[in-house]
Amino acid sequence: MFSRWQHGVPNGPLAWRFAAVIRPVHLTIQFVVSRHMLSWLGLNRSFLTNPVTLGALALVVIAGAAATRANMHLTYTCGVVSPVVVNSTGMDGYYVGRYERIAYETCGRDRIPDNYVNTWPLADCRPGGRAMWSNGNLAEFPQVCRTKPGNVSVL
Amino acid sequence: MMDTPVGKARVAASIALWPPPRGHLVAFLKTPLAWVLLATLVGFGYMDASVRAETRLVCGAVSIMIDRQVFAGAYDGVSPTKARFMRACEGSAQPDTLDLRGGLTGRG
């Protein structure tokens, strides 16, 4: 009996094992690069000319543009906020509160400009915590971590 | 008018274009790419909402910070950087104590 690999292809258990592995991979690659894959996904003429497809595509483009714009606006806002937060630390009577940390953590180090990212004032409101800079150094200004809601009962 | 061939053609064309026949929607939903499109749409919507919420959070936090600093006497007016911040945060929270036109509101 002649095997399928008789003509110029090494025969034996190893070759059969190789064929058993490579054949499904080869078929998968053939399927992906052929039109069958695109057709299975639905990318054909009737899909592309379907008015529902065109409407969905338009909505995706609009939603993507809105999300990108919102993302850029947040980056811009963080950039604009940075000098307001950082430059005020040298003023008389300045103290750091909880909100600097909220802004810092919400913006993240990626959105804060490089010249402000290590000089952001932060409060450490845990017991025994002290005011610090975002690079970890202790700061000279005080921190105020208000836990009391104030005179709410009057209102 | 409706009995003329032109009128009939107009009515037929409008029916064919809008609303899309149910067959189009079913054919669309049967393809995997349609679900990819819908998932992308939901993902963009989620991203947009979460980023807008983060922007509102940043604006609110810095506005409260400014109000407290004004109350403590550290700030006494609107500098160009603060004006830029207030313009960027239009539609979100604004400092209660500062007026974009250049001064304190007196509400601190």
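Structure report, in brief.

## Topic: the overall build of chain B
Assigned secondary structure in chain B consists of four helices and two strands. Along chain B, helices (α) and strands (β) appear in the sequence α-α-α-α-β-β when read from the amino end. The burial tally for chain B puts 29% of its 108 residues in the buried class. Accessible surface for chain B amounts to roughly 6,700 Å². Of this, 65% is attributable to carbon and sulfur atoms.

## Details of the environment of A:N44
Residue and element names in this part refer to chain A. If you trace the backbone, N44 turns up in the loop between helix 2 (35–41) and helix 3 (45–48). The exposure class assigned to N44 is partly exposed, which follows from its relative accessible area of 30%. N44 sits 62 residues away from T106 along the chain, and the two C-alpha atoms are 44 Å apart.

## Observations regarding the side chain of B:S63
Mapped onto the elements, B:S63 comes out in helix 3 (residues 32–72). Beyond its immediate sequence surroundings of up to four residues, B:S63 is in contact with B:F85, B:A93, B:Q94 and B:P95.

## Observations concerning the interface of chain A and chain B
Listed per partner, the contact involves 42 residues of chain A and 39 residues of chain B. For the chain A and chain B pair, buried surface summed over both sides reaches about 3,600 Å², with 77% attributable to carbon and sulfur atoms. If you look at where chain A meets chain B, you find zero salt bridges. Run the count over chain A and chain B and you get two residue pairs in polar contact (both at pLDDT 80 or more). Examining the composition of the side of chain A that touches chain B, we find that 23 residues originate from one element, helix 4 (residues 51–87) of chain A, more than from any other. Within the side of chain A that touches chain B, the residues separate by chemical class into 29 nonpolar, 10 polar and three charged.

## So, the nonpolar core
A general trend in soluble globular proteins is that nonpolar side chains are found buried together. Formed by 30 residues in total, the largest nonpolar core has its most connected members in A:V81, A:I112, A:W120, B:V58, B:V62, B:I66 and B:F85. If you list the elements that add at least two residues to this core, you get helix 4, helix 5 (98–111) and helix 6 (114–117) of chain A together with helix 3 and helix 4 (80–88) of chain B.

## Details of the environment of B:K82
Mapping B:K82 onto the fold places it in helix 4. C-alpha separation for the pair B:K82 and B:S63, spaced 19 residues apart in sequence, amounts to 9.9 Å.

Calculation rules
Residues numbered from 1 in each chain as written. Chains lettered and ligands numbered in written order. Predicted model: local features only at pLDDT ≥ 70, side-chain atom pairs only at ≥ 80, totals over all residues. Heavy atoms only, no water. Helix = DSSP H or I, 4+ residues; strand = E, 2+ residues; numbered from the N terminus. Buried < 20%, exposed > 50% of the residue type's maximum accessible area, 1.4 Å probe, protein only. Areas by Shrake-Rupley, 256 points an atom, 1.4 Å probe, with all protein chains shown as cover. Contact = heavy atoms within 4.5 Å. Buried area = accessible area lost by both parts, 1.4 Å probe. Salt bridge = Lys/Arg side-chain N within 4 Å of Asp/Glu carboxyl O. Polar contact = N/O pair within 3.5 Å; in protein donor to acceptor, adjacent residues only side chain to side chain. Nonpolar A, V, L, I, M, F, W, Y, C, P; charged D, E, K, R; others polar. Core = buried A, V, L, I, M, F, W, Y, C linked by side-chain atoms within 4.5 Å.

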